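# Understanding the architecture of this molecule
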Amino acid sequence: MANGYKKTMNLPKTGFPMRASLAQNEPKRLAQWDEDRLYEQLLKKNEGHEKFVLHDGPPYANGPIHLGHAQNKISKDIINRYWAMRGYQTPYVPGWDCHGQPIEHKVEETLGTEKFNQLPTVKIRELCRKMAVEQVDTQRQGFKRLGVLGEWDNPYLTYVHDYDATDIEIFKAIFDRGAIYRGRKPVHWCSHCHTALAEAEIEYGDEVSPAIFVRFEMTTVPAGLEAYEGRLWVDIWTTTPWTLPADDAVILHPEASYVAVVVDGRAEIMAEALVEKACAKFGYESCGLARRADGEVWRMTGEELCHNKYRQPIFGDQGVEGEFIYADYVTLEDGTGVVHSAPGHGVDDYNAGMRFGIPVVMPVDDDGNFYKGDGMGTGGPWSGMNVNDANPKIIEWLAARGTLILHEDITHSYPHCWRCKQPVIFRATNQWFVSMDKTGLRTDALRELEKVKFYPAHSRNRITSMVEGRPDWCISRQRNWGVPIPAYTCQDCGETVMNDATLDKVIGLFRERGSDAWFTEDPASYLGAACVCPKCGGHSLKANTDILDVWWDSGVSHTAVCKHRGYLKFPADMYLEGSDQHRGWFMSALMTSVGAYGTAPYKSIVSQGFTLDGQGRKMSKSLGNVIDPNKECDTRGADVLRLWVSSVDTSTDVPCDDAILNHVGDAYRKIRNTFRFLLGEIEDQFDPATQGMPVAELTAYDRITLAHMCEVHDAVARAYEGYRFNAVFRTLYDYVTELSNGYLNATKDRVYCGATNSPERRSAQTTWAHILSMLVHDLQPILVYTTDEAMPHLPASMRDGQERAALLDWYEAPMTAAEYGPLLKAHKALAEARGAFTKAYEEAASQGVIPEKTSQAASAALTMPPDALAELAATGIDLAEPLVCSSVTVEAADELSATVTHAEGERCPRCWNWRELGEDGLCGRCHDALGEASRQASRQG
């Protein structure tokens, strides 16, 4: 508009800058929030209202925040901000998991193992606490920078006195129900970290293992095989040769049919279904099946063969025998259908052995080395050797004795320690367990899960299947940094002492002095009358040194936090974490809550996937594909990270890299520019409270547009309430794009060129204000800094009486569904008409029909189906404006089509529309606008 008419236009002007400079401006805004105590203001605003409590799963206090942390905390903040806008009070207490092996391991690395092992437990715990405190503060600053509102000055920490006491409170409640016991059972054992591990601390990765087939010599003869006495064997298969020194049973399937393969004068028992496959693998070319005296093939089921005996493969020369037993889990897919069993080295073997009274032999020490000795319960020929080193030696030994049938290496999934990443072993040790079935914990937990809402719904299956199949929970660990299991040993008779009296004293001790006192105080000093052995009456009790599984520690936050902080509530409305927490925090919280109270600790669970790089790989420094949220905040800004979280389907694994964030940055700029575009005609130019128009008085185009806006707003609300942030993003981003290409582009002519106070311009400004208000409100949970930045540029009547965007109420649409619904067909018909016109215009322009290259110089002739035409006609809309052309004629026809010709008249020099111009050379609307401006100037003069 480089002409004299420019000064007569209502051109946009706003103080909302085009350049966001998020990295520079967000920290300043965050400091203002802290100074204003924004989180406290938010709680006060909704004080007395119903609470929505999203209970924070504690990240481990170990290292700076990573992208997974950012996704997690941003997601929680989006949810809390949304429900706060809906009027709920949303107290959010962030927490940290401060105990456990990773911190202790880091301290050991810092000091060196030799020096670490020389330190007393109390000193190790002091160093661990110091490290945890430092890491908590580092992560807290990172989370706050992401714009997450919460009780950052008073988080929950799992090492404080009250939390220590709560661990034992829940322990006592479950102990009193009879679900906690001490037993010698095989558990995942990390010989590197010297501790038992729970299933939640296990990661699976491929390992190459030696698979061997071995023949064991029978010492009993099943009926019908008497002819082979002294020449009778049973063939087994195993991928852990090092467990053979602990062998004391072989397991068969109870219903499977077993036969004896005759080869080289001996008979070898195996499953009939695997004979052909096994003999081919073994190279048994000339073989047959043993027969009974009547000539029929000898067969017996696994159940019928039960209790037969064989020479133990390593110590058989000493007269040690093993026994045939059976179990349903033996498969007939590979091997021989006969499985070597060492009950001390496997849970399934242990459970099967218990049913038949098979003893548990454990020849392996804490370091994964065989005990020294010559007999059963030691390593025998491999005394003192590490079990992994022993594998090839055992295979050589078997081959030399002629009992090795075949050795082949296989690659299979194998459990590893979550911290040191080394393969673990199964090893029977004395540990504390929570029984899944003795008091019905498994059944109760499954019942409670049925009451929980899951987002996405199918994620229920993951935790349900884990509860159905999990073994008893091993809750003891052999470390220094954690909450002790409150058990004592009588130094007079060796009895383990634990009862309500001792547990109550420990709870009081921990609440007053913390769990460090366990390692410094004589039990007699705080147990008082409870310091007595119920078996022998002795008073000399020694505190045991096992600590609680760290998952127990975090799991009881439902009580330590939700119950003990009166402004929260139990059960919490929601737990939100990554999908790995189905076997971690979701699980431990469920078990401790159901075990103590009989109810789940959460009403709903949101399960999220993991963050990966753009190629779907795990992020790692070695690959150079890490996206550091702290660096992103220092470059792109936290709002771009938040927009990225909202743009992806967090219910699955999500990719992220520079290219993806660049695309998100483009989307951010489009949204920001839309804010700025709308503010240009509203800030200091329009106040909806005094100049806005009722919906019924708006132009037809504006009413149709508002109807669609209300539809979009309702879709956004549904997406927020279903925790589908990507649907929120996609709906709003598509809407913004649609506005830019459609309604805003079409109506800027009316807003810029119409008379300042004309009803047509006020109608458009009213609609623009509704759109801006809806976008600011609907995006506030996501773009927390940007919407807050926009607040002072909005008219006071659009700010809900607030100064901060976080304090806004949920946007109240100007139409109900019943009101906007009837207009949606017209909106759809209008969009289709615009599409047909655009295509016809582009063809006409390319053919030179519209040499000016602007649709304002075009006229359109439309045909459309009668129903669509009727919907538009009923609104009274003039299609020239939404099509941004000079004029439109419409006729009914079977199909939608458009023809474009050059407009009649001339181009108005003020608005550039093609119209019939008056004597002053302007179109009628511009003539009227200048007249009004002149009269207004006279009045002001």
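One can find the structure itself at the top, above this paragraph.
These numbers were taken from a predicted model, which means no experiment stands behind them.

Core analysis: the largest hydrophobic core is formed by 226 residues, its most contacted members being Phe171, Trp552, Leu590, Tyr602, Trp644 and Leu775. With 12 residues, helix H24 (residues 700-721) is the largest single contributor of residues to this core. Every residue in contact with Trp552, bar those within four places of it in the chain, is listed here: Asp167, Ile170, Phe171, Ile174, Ile180, Val434, Trp473, Ile475, Ser588 and Thr592.

This brings us to the sheet that holds strand S5 (residues 195-197). Read from one edge to the other, the open sheet built from four strands follows the order S5-S4-S17-S19, with strand pairing classed as antiparallel. Strand pairing shows two members of the sheet lacking a second neighbour, S5 and strand S19 (473-474), which therefore form its edges. Alignment of strand S4 (residues 180-190) against strand S17 (residues 425-434), held across 10 bridges, turns out to be antiparallel. What sits directly across from Pro186, in S17, is Ala428.

All right, on to unusual backbone geometry then. Pro456 follows Tyr455 through a cis peptide bond whose omega is -5°. Summarising the element assignment, Pro456 is placed in the loop between strand S18 (453-455) and helix H13 (460-469). Residue Pro571 is bonded to the preceding Phe570 through a cis peptide linkage, with omega at -5°. As for its position among the elements, Pro571 is in the loop between helix H18 (557-563) and strand S25 (574-578). One non-glycine residue, Asp800, lies in the positive phi region at around 55°. Structurally, the position occupied by Asp800 is in the loop between helix H28 (784-790) and helix H29 (817-820). Residue Val884 is not a glycine yet carries a positive backbone phi of 50°. Looking at where Val884 falls in the secondary structure, it is placed in the loop between helix H32 (880-883) and strand S30 (887-892).

Looking now at the side chain of Gln431. Tracing the chain through its elements places Gln431 in strand S17. On the basis of relative accessibility, which here comes to 1%, the residue Gln431 falls in the buried class. In this structure the side chain of Gln431 is engaged in a polar contact, spanning 2.4 Å, whose partner is the side chain of Ser476. Contact partners of Gln431, with chain neighbours within four places excluded, come to Tyr181, Arg182, Gly183, Val187, Trp189, Ala196, Cys474, Ser476, Gln478 and Asp546.

So, on to the environment of Trp644. Here Trp644 is to be found in helix H21 (residues 638-647). Residue Trp644 is classed as buried on the basis of its relative accessible area of 1%. Those residues in contact with Trp644 that lie beyond four places of it in its chain are Leu67, Gln71, Thr611, Val654, Pro655, Cys656, Ile660, Leu661 and Val664. A distance of 3.5 Å separates the side chain of Trp644 from the backbone oxygen of Pro655, its partner in a polar contact.

A word on the pattern of salt bridges. Counted by the stated rule, this structure contains 54 salt bridges. One salt bridge in this structure joins Glu151 and Arg565, with 3.3 Å as the shortest N-O distance. Here Arg565 lies in the loop between H18 and S25 and Glu151 lies in the loop between helix H6 (121-145) and strand S3 (156-157), a separation of 414 residues in the sequence. Of the two residues examined, Glu151 and Arg565, each falls in the buried class.

Our focus in this paragraph is empty space enclosed by the protein. Counting across every chain of the model gives six cavities of 30 Å³ or more. The space that makes up the largest cavity amounts to roughly 110 Å³. Lining of the largest cavity is provided by Tyr701, Thr705, His708, Tyr735, Glu738, Leu739, Gly742, Tyr743, His827, Leu830, Ala831 and Arg834. Counting only elements with at least two residues in the lining of the largest cavity, the list comes to H24, helix H25 (725-741) and helix H30 (824-846). Element by element, the count of residues in the lining of the largest cavity is highest for H30, at four residues. A class-by-class count of the residues in the lining of the largest cavity yields six nonpolar, four polar and two charged. Reported here for the second largest cavity is a volume of approximately 90 Å³. Lining the second largest cavity are 14 residues; nearest its centre among them are Gly100, Gln101, Glu201, Arg477 and Arg479.

How each quantity is defined
- Residues numbered from 1 in each chain as written.
- Predicted model: local features only at pLDDT ≥ 70, side-chain atom pairs only at ≥ 80, totals over all residues.
- Heavy atoms only, no water.
- Core = buried A, V, L, I, M, F, W, Y, C linked by side-chain atoms within 4.5 Å.
- Buried < 20%, exposed > 50% of the residue type's maximum accessible area, 1.4 Å probe, protein only.
- Helix = DSSP H or I, 4+ residues; strand = E, 2+ residues; numbered from the N terminus.
- Contact = heavy atoms within 4.5 Å.
- Pairing = 2+ DSSP bridges.
- Polar contact = N/O pair within 3.5 Å; in protein donor to acceptor, adjacent residues only side chain to side chain.
- Salt bridge = Lys/Arg side-chain N within 4 Å of Asp/Glu carboxyl O.
- 1 Å grid on protein atoms, 1.4 Å probe; cavity = no way out; pocket = protein on both sides within 12 Å on 5 of 7 lines; lining within 4 Å.
- Points joined across faces, edges and corners; volume = space filled by probe spheres on them.
- Nonpolar A, V, L, I, M, F, W, Y, C, P; charged D, E, K, R; others polar.

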